[in-house]
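# Secondary and tertiary structure notes
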Amino acid sequence: MRGKRRREPKTSNLILLALGLFAFGFIVAMTVIFCVKGAVPDTLIQYTLGSFAVELFSLARIKISKVKTGDKPGESEDNYG
């Protein structure tokens, strides 16, 4: 098939994938800790979920600003020619 190139994943998608995998592992770890110890580390959960929220809002803000300004991936800022 000519003309088809394999596209590299966007950085934002890789960050979302990493956050998702970490969240899954975190949930599993917290479940194991709860089953073994019978207690939940509330502070750890609060700060971990807070950091997820900051990262996701940052990604959303970047995406919204790109849509508003009309930036497209692969375009150069200096179009002299």
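In this report, we go over the structure that sits alongside the text. (Residues numbered from 1 in each chain as written. Predicted model: local features only at pLDDT ≥ 70, side-chain atom pairs only at ≥ 80, totals over all residues. Heavy atoms only, no water.)

### Topic: the overall build of the chain
A tally of regular secondary structure across the chain gives 2 helices and 0 strands. Relative to its full complement of 81 residues, the chain shows a buried share of 7%. Summed over its atoms, the accessible surface of the chain is roughly 7,700 Å², and 61% of this surface lies on carbon and sulfur atoms. (Helix = DSSP H or I, 4+ residues; strand = E, 2+ residues; numbered from the N terminus. Buried < 20%, exposed > 50% of the residue type's maximum accessible area, 1.4 Å probe, protein only. Areas by Shrake-Rupley, 256 points an atom, 1.4 Å probe, with all protein chains shown as cover.)

### Remarks on the side chain of Thr48
Here Thr48 lies in helix 2 (residues 42–69). Non-local contacts of Thr48, meaning those with residues more than four positions away in its chain, are made with Phe22 and Phe26. (Contact = heavy atoms within 4.5 Å.)

### A closer look at the packing of aromatic side chains
Counted by the stated rule, this structure contains 2 aromatic pairs. With a centroid separation of 5.8 Å and an interplanar angle of 85°, the aromatic rings of Phe22 and Phe52 are classed as edge-to-face. Here Phe22, found in helix 1 (residues 11–37), pairs with Phe52, found in helix 2; they are 30 residues apart in sequence, far enough to count as distant. Taking relative accessible area as the criterion, Phe52 reaches 13% and is therefore assigned buried. (Phe/Tyr/Trp six-rings, centres within 6.5 Å; stacked < 30°, edge-to-face > 60°.)

### Points about helix 1
At 3.6 residues per turn, the α-helix brings residues three or four places apart onto the same side. Between its first and last C-alpha, helix 1 extends 38 Å over 27 residues, near the 39 Å set by a 1.5 Å rise per residue. Of the residues one or two after helix 1, Gly38 is the one with positive phi, at around 80°. (Expected span 1.5 Å × (residues − 1).)

### Some thoughts on the packing of helix 1 against helix 2
At their nearest, the axes of helix 1 and helix 2 sit 11 Å apart, and the two run at 165° to each other. Regarding the angle of helix 1 to helix 2, the classification is roughly antiparallel. Once helix 1 is placed against helix 2, the crossing between them reads as left-handed. Contacts between helix 1 and helix 2 involve Ser12, Ile15, Leu16, Leu19, Phe22, Ala23, Phe26 and Met30 from the former and Leu44, Ile45, Thr48, Phe52, Glu55, Leu56 and Leu59 from the latter. Of the residues belonging to the contact of helix 1 with helix 2, the class tally is 12 nonpolar, 2 polar and 1 charged. (Axes fitted to C-alpha atoms, helices over the stretch in contact; angles between N-to-C directions. Parallel < 35°, antiparallel > 145°, perpendicular 65-115°, else oblique. Left-handed = near helix turned anticlockwise from the far one by under 90°. Nonpolar A, V, L, I, M, F, W, Y, C, P; charged D, E, K, R; others polar.)

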